[in-house]
Amino acid sequence: MSAQTTPHLIRGRILTFLENPFQQNAASAYRFYEDGALLIANGKIADIGSFDDVKARIGADVAVTDHRPHLIMPGFIDTHLHFPQTQAIASYGAQLLEWLNTYVFVEEQKFENAAHADFIAGRFLDELIRNGTTTAVAYCSVHKQSAQSMFAAARQRNMLMVGGKVMMDRNAPEALRDTPQSGYDDSKALIEAWHKPDQRNYYAISPRFAITSTPEQLEMSKALVQEFPDCYVQTHLSENHDEIAFATSLYPSAQHYIDIYAHYELLTPKTILGHCIHMCDREVSLMAERGAVAAFCPTSNLFLGSGLFDHDRFAKLGARISVATDVGGGSSFSMLETMSEAYKIMALQGQKLSPLQSYYMLTLGNARALGLQDKIGSLHVGADADIVVLDARAKPAMDLRMDVAETLEDELFILQTMGDDRCVREVYIAGKAMKSAL
Ligand code: GUN
Ligand code: ZN
């Protein structure tokens, strides 16, 4: 394990959330220290406060990394993306089903090759780090090897990652199909080998979506969920009109798409459903009732022309919401760019996303969506030291805009609207500086 053991202090302008600014007075939802410090020891946060207070509490000499005037926040969390699509980003001119067949199912076949899977897994995680993302929930390809590559690369970096091999036994090229039995066996073997929360690896049982799984495979997915209730579940739901028509034609007893997953008991508080765009109130309410989480994927939903996620309806009906890139349907690894597009999608529907709400979603909100808020997503004593350092003046145009910014909210909004990986000055994973070492 690569956690730095010598205690050290990280100094800067610290922002962390305590509560959801959607639900209560925004000012009491966060803590901000203009000159703050985090004491890092054994990969965890041992103290937080104003620099003077933390320094006084230590009472001894300790190494200090001074990041002022930059902002220090919990590392960003991405709840839905596809690691084998790292080289499929920016594939031109198709909506979901055609895009899958033309580009994605071709690209994912390369992951049968272990050397390729290892290479892309490393590059993928480095790209997450470059963008300030310290935890992600990743689909792997159908190949068992691809999940092994992803988890091994995560362990090398001591990164808290969630993921799983996709199961798909129809409507995909022969080379990408498993069977209900082999999908079950491979997933089970991967869970036994890699679902190790104490080593920051979590498995997600991953039937890709109803179109690529037969009823027999969803039955096997149900068996896995019952056998391994600690694991996550991830799949896709109601992203695109043609997809919905095809999925419901394959499961004629389902009135709505979500009924397919409900029937196989795949809707749980550990389930993350990608997209959730074209849904009626009954479907959203069913998600709320079961505690399943929607992954709002703004850049993907625009890039593939899928539609506009109705954030406020989900919030009103009490359904859980997270945010994600959905690389490679998503066009950027950056959670800053993702929130910039989230803001615009909400604006198109007359909805508002305040800067504080955005950064809550990227950190504590997504951690809560994963039930990992004790470990990640906020800077509190005992939390894992996964931290991002952000520079709102990283580009000339941002620098100029920042000259007239007046508040913390202005700065956050400029970072989100104009920023990208160039604004991420440093990333700590379990207390270790990672971006500067890339
Ligand atoms: N639905 C099923 N598979 C995928 C995928 O890889 N990307 C997206 N955006 N939607 C999907
Ligand atoms: Zn996806």
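Here the structure is a predicted model, which is why all the values come from computation and not from measurement.

## Remarks on the coordination of the zinc ion (ligand 2)
Then, in step 1: Taken together, H80 (NE2), H82 (NE2), H236 (NE2) and D326 (OD) make up the full set of protein donors to the zinc ion (ligand 2), lying 2.0 to 2.4 Å away.
Then, in step 2: Considering all four donor atoms around the zinc ion (ligand 2), angles at the metal cover 88 to 164 degrees and the coordination shape is irregular.
Then, in step 3: The motif formed by the donor residues of the zinc ion (ligand 2), counted along the single chain, is H-x1-H-x153-H-x89-D. With a gap of 156 residues between them, H80 in strand β5 (residues 76-82) and H236 in strand β9 (residues 232-237) connect regions that are remote in the sequence. Both residues of the pair, H80 and H236, count as buried.

## Some details on the environment of I277
Then, in step 1: Summarising the element assignment, I277 is placed in the loop between β10 (271-275) and α9 (281-290).
Then, in step 2: Accessibility expressed as a relative area gives 6% for I277, which makes it buried.
Then, in step 3: On a C-alpha basis, the gap between I277 and Q109 in space is 28 Å, while along the polypeptide they are 168 residues apart.
Then, in step 4: Once residues within four sequence positions are removed from consideration, I277 is found in contact with L237, S238, E239, N301, S306, G307, L308 and F309.

## Here's the deal with a nonpolar patch on the surface
Then, in step 1: A contiguous nonpolar patch, built from L302, L308 and L348 and spanning about 260 Å² of accessible area, is present on the exposed surface.
Then, in step 2: Note that L302 resides in helix α10 (residues 298-303).

## Looking at the site of ligand 1
Then, in step 1: Taken together, H82, Q85, L96, W99, L100, R208, F209, H236, E239, H275, L304 and D326 form the complete shell of residues around ligand 1.
Then, in step 2: Here an oxygen atom of ligand 1 sits 2.7 Å away from a polar atom, N or O, in the side chain of R208.
Then, in step 3: With respect to ligand 1, the side chain of D326 contributes an N or O atom lying 2.8 Å from a nitrogen atom.
Then, in step 4: Starting from 280 Å² of accessible surface for ligand 1 in isolation, the protein chains cover 100%.
Then, in step 5: The greatest single-element share of the shell around ligand 1, amounting to three residues, is contributed by helix α2 (residues 96-107).

## A closer look at α2
Then, in step 1: Those residues of α2 not exposed but buried are L96, W99, L100, V104, F105 and E107. Projected onto a plane normal to the axis of α2, the buried residues spread over an arc of 145 degrees and lie on a single side.

## A few points about the pattern of salt bridges
Then, in step 1: Tallied over the entire structure, the rule returns 28 salt bridges.
Then, in step 2: Here R57 makes a salt bridge to D47, at a shortest N to O gap of 2.7 Å. In this pair, R57 sits in helix α1 (residues 51-58) while D47 sits in strand β3 (residues 44-50), placing the two residues 10 residues apart along the sequence.
Then, in step 3: Judged by its relative accessible area of 12%, D47 falls in the buried class.
Then, in step 4: Put simply, D420 and K395 hold a salt bridge, and the shortest N to O gap is 4.0 Å. A residue pair is termed long-range when its members are at least 10 positions apart, and D420 in the loop between α15 (408-418) and β14 (424-429) and K395 in the loop between β13 (387-390) and α14 (396-402) qualify at 25 residues.
Then, in step 5: Taken together, the salt bridges that share partners define one network made up of R11, D35, D66 and R68.

## Looking at the UniProt feature "domain: Amidohydrolase-related" (unreviewed entry) in the chain
Then, in step 1: In this structure's numbering, the residues bearing the UniProt feature "domain: Amidohydrolase-related" (unreviewed entry) are residues 72-433.
Then, in step 2: Helix makes up 43% of residues 72-433 and strand 18%, and the two end C-alpha atoms of the span are 13 Å apart.

## Digging into the pairing of β14
Along a regular strand, successive side chains alternate from one face of the sheet to the other.
Then, in step 1: With five of its six residues buried, β14 lies for the most part within the structure.
Then, in step 2: Strand direction decides the pairing type here: β13 and β14, joined by four bridges, are antiparallel. Residue pairing in the sheet places V388 in a bridge with V427 of β14.
Then, in step 3: Examined bridge by bridge, β14 and strand β15 (residues 432-433) share two bridges and lie antiparallel to one another. Paired with Y428 across the bridge in β15 is A433.

## Structural notes on the nonpolar core
Then, in step 1: With 111 residues, the main nonpolar core has M161, M287 and F314 as its most contacted residues.
Then, in step 2: Of the residues forming this core, the biggest block, seven residues, is contributed by helix α3 (residues 114-130).
Then, in step 3: Apart from residues no more than four positions distant in its own chain, M161 is found in contact with F124, L125, L128, T135, A136, A138, M150, F151, A154, R200, N201 and Y202.
Then, in step 4: Ranked by size, the runner-up nonpolar core spans 15 residues in total, among them V137, L160, C297 and A324.

Cut-offs applied
Residues numbered from 1 in each chain as written. Chains lettered and ligands numbered in written order. Predicted model: local features only at pLDDT ≥ 70, side-chain atom pairs only at ≥ 80, totals over all residues. Heavy atoms only, no water. Donors = N, O, S within 2.8 Å, 3.2 Å for Na, K, Ca; no water. Tetrahedral: all angles 85-135°; square planar, octahedral: opposite > 155°, others 65-115°. Helix = DSSP H or I, 4+ residues; strand = E, 2+ residues; numbered from the N terminus. Buried < 20%, exposed > 50% of the residue type's maximum accessible area, 1.4 Å probe, protein only. Contact = heavy atoms within 4.5 Å. Patch = residues over 30% accessible without salt bridge, like charges linked within 9 Å, V, L, I, M, F, W, Y side chains within 5 Å. Areas by Shrake-Rupley, 256 points an atom, 1.4 Å probe, with all protein chains shown as cover. Salt bridge = Lys/Arg side-chain N within 4 Å of Asp/Glu carboxyl O. Near = heavy atom within 4 Å. Polar contact = N/O pair within 3.5 Å; in protein donor to acceptor, adjacent residues only side chain to side chain. Arc of directions from axis to C-beta. UniProt positions renumbered as here; feature names shortened; annotations may be inferred. Pairing = 2+ DSSP bridges. Core = buried A, V, L, I, M, F, W, Y, C linked by side-chain atoms within 4.5 Å.

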